[in-house]
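Results of the structural survey
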Amino acid sequence: MTEVAEQAQLFDCRADFADELAALARADDRIVAVCNDSVGSSNLVAFREEFPARLINVGIAEQDLVGVSAGLANAGFIPFASAAAPFLTGRALEQIKADIAYSHRHVILCGQSPGMAYGELGPTHHSIEDLSWMRAVPGLEIIVPADPAETRSALRWAVKSGQPTYIRIPRFKVPAVTPADAPFAAGRATCLVEGTDVTVIAVGSMVSRALAAAELLRREEISARVLNMAFVEPLDSDAVVSAARETRAIVTAEEGLLSGGLGAAVARVVAEQRPVPVRMLGVPSFAPTGNTSFLLDHFGLTAEGIATAARKALGLV
């Protein structure tokens, strides 16, 4: 991270998730929360106190969590199914496919503490496969908010959309990066910095680091565009094609597996519509055990790592 990024105020998006969910529930009595014995880790304590009859705790049974949520949606409720991302997506993948996506139930799946947020607990608790798994399920919207404002926007959008949706709820603290007037719509990226040499497409915790990388590159007179691709599905293909047309290379950055995630989605669009050099930053395999900052540094998911990938994509190193 750059000095500017290190000094920025950091926020826990889970607090905004909890506040926004409660606000939405006050306005719409169809909204319920379903969890897997994770009231505390899902930040649902205040929700339970305010809406005791609208919190369903199924215990440590993620398949039941998704199945019950699908039933509630079928009965006219709008369930927020909240659990640690590795267990929600790993243990209940069949139910997500059959009960939610295939059946087109309006369930909002909230993957708490995604990526490598549970760093010290090791690969069993890392959720680096979720974007790959969820992208493989047809009919499922996938949102990776970059900061508190976008987390709130994602929840509001998901309630109104009527679509089966998976939202990553970040645990790793991040700075605010979303402009006050930024639109939030399915399949629409937000351009945070304009650039003409290289485009960095990032999601979640990587967006602030992409901005810091753009500043590093600017000091070298390399003009980097930064796109926040909050919707991994549907992807903003137009923004990707424009980036390929208007800049000379693309770098993607995600806190997840390289196979099947954001980078793979972007690379497919580039290969099919406007080939340019693409370098993908992410996690190549199971991550070691260590705190989140260590792991992000280990895989080069830093401002300098993104800047280096940009230089390589441009053929400068």
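Residues numbered from 1 in each chain as written. Predicted model: local features only at pLDDT ≥ 70, side-chain atom pairs only at ≥ 80, totals over all residues. Heavy atoms only, no water.

A look at the sheet that holds strand 1 (residues 31–35)
Sheet strands associate in pairs through backbone hydrogen bonding, adopting either a parallel or an antiparallel arrangement. Taken together, the seven strands give an open sheet; going across it, the order is 2-1-3-4-6-5-10, and neighbouring strands pair in mixed fashion. Both outer strands of the open sheet, strand 2 (55–57) and strand 10 (231–233), are each paired with one neighbouring strand and no more. For this sheet the average axis-to-axis angle between neighbouring strands, irrespective of direction, equals 20°. Here three bridges tie strand 5 (residues 141–143) to strand 6 (residues 165–169), and the two strands are oriented parallel to one another. Each residue of the ladder has a partner; that of I143, found in strand 6, is I167. Along the sheet face, helix 2 (residues 13–27) touches strand 1, strand 3 (78–84), strand 4 (108–112) and strand 6 and points at about 140° away from the line of strand 1. (Pairing = 2+ DSSP bridges. Helix = DSSP H or I, 4+ residues; strand = E, 2+ residues; numbered from the N terminus. Axes fitted to C-alpha atoms, helices over the stretch in contact; angles between N-to-C directions. Contact = heavy atoms within 4.5 Å.)

Side note on the pairing of strand 9 (residues 224–228)
Within strand 9, five of the five residues are buried, leaving the element largely enclosed by the surrounding structure. The alternating pattern of strand 9 places A224, V226 and N228 and R225 and L227 on opposite faces, both of which are buried. Across three bridges, strand 7 (residues 190–193) lies against strand 9 in antiparallel orientation. Each residue of the ladder has a partner; that of T190, found in strand 9, is N228. Alignment of strand 8 (residues 198–202) against strand 9, held across five bridges, turns out to be parallel. Bridging from a neighbouring strand, A202 pairs with N228 of strand 9. (Buried < 20%, exposed > 50% of the residue type's maximum accessible area, 1.4 Å probe, protein only.)

Focus on the pattern of salt bridges
A full pass over the atoms with the stated rule returns 17 salt bridges. As a salt-bridge pair, R30 and D28 come within 2.7 Å of each other at their nearest N and O atoms. With relative accessibility at 40%, the residue R30 sits in the partly exposed group. For E246, the salt bridge goes to R225, with nearest N and O atoms at 2.8 Å. Of the two residues, E246 is situated in helix 10 (residues 237–246) and R225 in strand 9; the sequence distance between them amounts to 21 residues. The network of salt bridges with common partners includes D16, D19, E20, R152 and R156. (Salt bridge = Lys/Arg side-chain N within 4 Å of Asp/Glu carboxyl O.)

A short note on the confidence of the model for the chain
Mean pLDDT over the chain: 96, with 98% of residues reaching 70 or higher. In the model, residues 1–5 has pLDDT below 50 throughout and makes eight contacts with residues more than four positions away in sequence or in other chains. (pLDDT = per-residue confidence, 0-100.)

Observations regarding the packing of aromatic side chains
Working definition: an aromatic ring pair is given by the centre-to-centre distance plus the angle between the planes. Enumeration over the complete set of coordinates arrives at three aromatic pairs. With centroids separated by 5.0 Å and ring planes inclined at 75°, the aromatic side chains of W157 and F231 adopt a geometry described as edge-to-face. Placement of W157 in helix 8 (residues 148–161) and of F231 in strand 10 is noted, with a sequence separation of 74 residues between them. W157 gets classed as buried once you look at its relative accessible area, which sits at 16%. A centroid spacing of 5.2 Å and a plane angle of 45° characterise the contact between F184 and F231, whose relative ring orientation is tilted. Taken together, the residues span a long stretch of sequence, with F184 in the loop between strand 6 and strand 7 and F231 in strand 10 at a distance of 47 residues. On the basis of relative accessible area, F184 is assigned to the partly exposed category, the value being 21%. Across the ring face of F87, the terminal group of R91 is positioned such that the distance to the ring centre comes to 4.5 Å. (Phe/Tyr/Trp six-rings, centres within 6.5 Å; stacked < 30°, edge-to-face > 60°. Lys NZ or Arg CZ within 6 Å of the ring centre and 35° of its normal.)

Focus: the nonpolar core
L109, V240 and I250 are the most contacted members of the largest nonpolar core, which totals 43 residues. Elements that contribute at least two residues to this core include exactly strand 1, helix 4 (62–74), strand 3, helix 5 (85–91), helix 6 (93–102), helix 7 (130–135), helix 10 and helix 11 (262–273). Core analysis: the next-biggest nonpolar cluster, separate from the first, contains 36 residues, I222, V283, A309 and L314 among them. (Core = buried A, V, L, I, M, F, W, Y, C linked by side-chain atoms within 4.5 Å.)

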